[in-house]
Amino acid sequence: METHCGDCDSEPLAMENEEEPRRKEPPRIHRLDESVVNRIAAGEVIQRPVSAVKELVENSIDAHSTSISVVVKDGGLKLIQVSDDGHGIRYEDLPILCERHTTSKLSTFEDLQSIKSMGFRGEALASMTYVGHVTATTITKGQLHGYRVSYRDGVMEHEPKACAAVKGTQIMVENLFYNMIARRKTLQNSADDYSKIVDLLSRFAVHHIHVGFSCRKHGASRADVHTVATSSRLDAIRSVYGVSVARSLIKIENSDNNPSSSVFKMDGFISDSNYVAKKITMVLFINDRLVECTALKRAIEIVYAATLPKASKPFVYISVVLPPEHVDVNVHPTKREVSLLNQEVIIEKIQSVVESKLRNSNEARTFQEQKVEPSPYDKIALDKDSTFSPSQSGSKSQKVPVRKMVRTDSSDPAGRLHAYLQAKPRGPLQKNPSLDAVSKELMYQQVLRRFSHFNAIQLSEPAPLSELLMLALKEENLDPEGHENNDQIEKITELLKQKMEMLEEYFCIHIDKHGNLSRLPVVLDQYTPDIDRLPEFTLCLGNDVDWEDEKNCFQSVSAALGNFYAMHPPMLPNPSGDGLQFYKKRKPLRNLEDEEKASDDIGDDDLMENEIEHELLSEAESAWAQREWSIQHVLFPSIRLFFKPPTSMASNGTLVRVASLEKLYKIFERC
């Protein structure tokens, strides 16, 4: 028994010793089956449905089409149909149409150096037949009927059949990736793939303006992209991306014809400081080929980051034309990237022209004028409060989901947040200390946040510092004509002229060598300060800033800007309620004695019933209505996005702490 077991144990050891030499032998190399090779290659060329659409649309453009239509089902997995009105495909070419490396674009390798067409490898259609079911319908000029034929694995499934057809070619790809289960599972989000296809067609439509494009879902009556041939690039952008984008664009051009450095021609459009978006949109064509260039994209982002607020992302369309021999198009399986001769030099010159145009346009910023109702406190005006909402650049109105709606009093207009402010009896000016303090702190924080990265507000006319200072001294009830005050005005003017470079570099406050103030910073988008308070701000720069210590200097200038941009109540009293008394006409004074008496005391008896200073009243109503709109649509949203309440505001009663996360965590820990 023991001997038998020992024999059994020795047999596996002997077998292992025999197999040991075999394991050290290298594996044999064998030729892959052609179908395996083709499916692997197809997976590289057609990575997802949008890749197939891109190849088919480029073929249509190469066929000199003037109209290209795309229909998609389930994000392109079930159906991709691309129809064009191009020159069509010859009958005799149909048998080899979907074979690998069959093309009409080139004959020799040297032809790549002068290639002008989109396609050149002859792999796209072949790849589609290995991962989907392809059907082609085509007719050429002069034929009485067209032909339809289906393909699978690169070959025809049957002889071409005669059929009715319209001018051009229609390629239909069905059941994409039907034989690549893993790939198909990763592409189940049809909405995501369809949005990529829409984006692709939008980019083609912007560049190829002499071609009409349409893209829609299968069964939908309305196209998500629909453009017609036009002669204007700006019209094409307006049609695809909307009016708000088109009106915020600047045209750029540049070229170089120096063989020792670079030879190229470039034109396009870039967004200015009025454009607002959450992510960059960059449409780049090189020799009419839609490509990506990470280095160029990064160079442009650097320019915008240095020129505009960090939250701003640009819209960029650029078309670069180079000699074909200076472009290597054969560097990427999907032709998404190309390699350029003297690429670094070209990128640097494009970056330079973008920076120059952007800085010139940034000297002034456009603000949409708001029309306001006569009185925001009137019941009728309140019911129409929604008419005050302006359209924002680069944004679309969105329906608020039901789960995010908040129940409010139906008698109170939507958006009113006055219940959260201190409601105490106040005089005609209705000054709210809490609101003023919060807006001042918000503006101060915004100045620090945008430090040295401001947009600019251009004054309609340069304001002399001496005149601003004189007005400020008058407001303080000082005699501006006095000798001492004249010296003070001159001293502050010279001081600010000496600091003008620093003020412009860090705070976008432009003072010229003659002592004129012409530009102010944009501290909060869609908001301009009360220019009536500019004299007070100028005097504050001269008297309240510590120019000796750098940190204190920056903080005090920021504080002065915060106070200037804070949402102070208008100078004119609020015409609602008791404030209306201010706008009633007064009885004419009969003699000098009455005039001296009137200066001391004006009672209700001196006012004329039903006699109103209508022009002054209208000005006041407009100012208070504009303030009301700014509080609701600018201040409150900005507080929610940017405001970081200092601890002091909780202790002095400006803000009320509603909940403490620290205490809440302790409560939940007990549960």
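Refer to the preceding data block for the structure.
The structure presented is a predicted model; accordingly, all values stated were derived computationally and were not measured. (Residues numbered from 1 in each chain as written. Predicted model: local features only at pLDDT ≥ 70, side-chain atom pairs only at ≥ 80, totals over all residues. Heavy atoms only, no water.)

Novice: So what exactly am I meant to see when it comes to the packing of aromatic side chains here?
Specialist: Per the stated rule, a full pass over the model turns up twelve aromatic pairs. Measuring from centroid to centroid gives 6.5 Å for Tyr 275 and Phe 315, while their planes differ by 65°, and the two rings are edge-to-face. A residue pair is termed long-range when its members are at least 10 positions apart, and Tyr 275 in the loop between strand E11 (262-271) and strand E12 (281-286) and Phe 315 in strand E14 (residues 315-321) qualify at 40 residues. You can call Tyr 275 buried: its relative accessible area is 6%. Plain terms: the ring middles of Phe 537 and Phe 564 are 4.9 Å apart, the flat faces sit at 15° to each other, and that makes the pair stacked. With Phe 537 in helix H16 (residues 534-543) and Phe 564 in helix H17 (residues 550-565), this residue pair connects regions lying 27 residues apart in the sequence. Judged by its relative accessible area of 3%, Phe 564 falls in the buried class. Among the aromatic residues, those joined into a cluster by ring pairs are Phe 451, Tyr 506, Phe 507 and Phe 554. (Phe/Tyr/Trp six-rings, centres within 6.5 Å; stacked < 30°, edge-to-face > 60°. Helix = DSSP H or I, 4+ residues; strand = E, 2+ residues; numbered from the N terminus. Buried < 20%, exposed > 50% of the residue type's maximum accessible area, 1.4 Å probe, protein only.)

Novice: Looking at this structure, I do not really get the side chain of Ser 83. What am I missing?
Specialist: Looking at the element boundaries, Ser 83 is found in strand E2 (residues 79-84). Side chain to side chain, Ser 83 and Gln 170 meet in a polar contact 3.1 Å long. Not counting residues up to four positions away in its chain, the partners in contact with Ser 83 are Ser 67, Ile 68, Ser 69, Thr 169 and Gln 170. (Polar contact = N/O pair within 3.5 Å; in protein donor to acceptor, adjacent residues only side chain to side chain. Contact = heavy atoms within 4.5 Å.)

Novice: Can you walk me through the sheet that holds strand E18 (residues 510-511) in this structure?
Specialist: Across a sheet, paired strands are connected by hydrogen bonds in the backbone, their directions being either parallel or antiparallel. Within the open sheet, the three strands sit side by side as E17-E19-E18. Their pairing is antiparallel. Taken across any chain shown, the strands that pair with only one partner, and hence form the sheet edges, are strand E17 (455-464) and E18. Two elements, E18 and strand E19 (residues 516-522), share two bridges in a ladder whose sense is antiparallel. Bridge pairing in E19 places Ile 511 opposite Leu 517. (Pairing = 2+ DSSP bridges.)

Novice: Can you help me understand the pairing of strand E8 (residues 212-217) in this one?
Specialist: Put simply, side chains in a regular strand alternate between the two faces of the sheet. When strand E1 (residues 67-73) meets E8, the two strands line up parallel, connected through six bridges. Each bridged residue has a counterpart across the sheet, and for Ser 69 the counterpart in E8 is Ser 214. The pairing of E8 with strand E9 (residues 225-226) spans two bridges and is antiparallel. The partner of Cys 215 across the bridge, within E9, is Val 225.

Novice: Could you clarify how one ought to interpret the packing of helix H3 (residues 49-62) against helix H4 (residues 124-131) in this entry?
Specialist: How two helices sit against one another is set out by the angle between their axes and by the gap between those axes. Following both chains from N to C, one finds H3 and H4 inclined at 140°, their axes separated by 10 Å at the closest point. In the crossing of H3 with H4, the sense of the turn from one axis to the other is left-handed. Taking contact as the criterion, the partners of Ala 52, Glu 55, Leu 56 and Asn 59 in H3 are, on H4, Ala 124, Leu 125 and Met 128. Split into classes, the residues belonging to the contact of H3 with H4 amount to five nonpolar, one polar and one charged. (Axes fitted to C-alpha atoms, helices over the stretch in contact; angles between N-to-C directions. Left-handed = near helix turned anticlockwise from the far one by under 90°. Nonpolar A, V, L, I, M, F, W, Y, C, P; charged D, E, K, R; others polar.)

Novice: Explanation requested: the pattern of salt bridges in the structure shown.
Specialist: Working definition: two side chains of opposite charge can pair if their charged atoms are close together. Overall, the coordinates contain twelve salt bridges when judged by the stated rule. Asp 74 is the salt-bridge partner of Lys 78, the closest N and O atoms lying 3.5 Å from each other. The class for Lys 78 is partly exposed, based on a relative accessible area of 40%. One salt bridge connects Arg 533 with Glu 536, and the closest N-O pair in it is separated by 3.9 Å. (Salt bridge = Lys/Arg side-chain N within 4 Å of Asp/Glu carboxyl O.)

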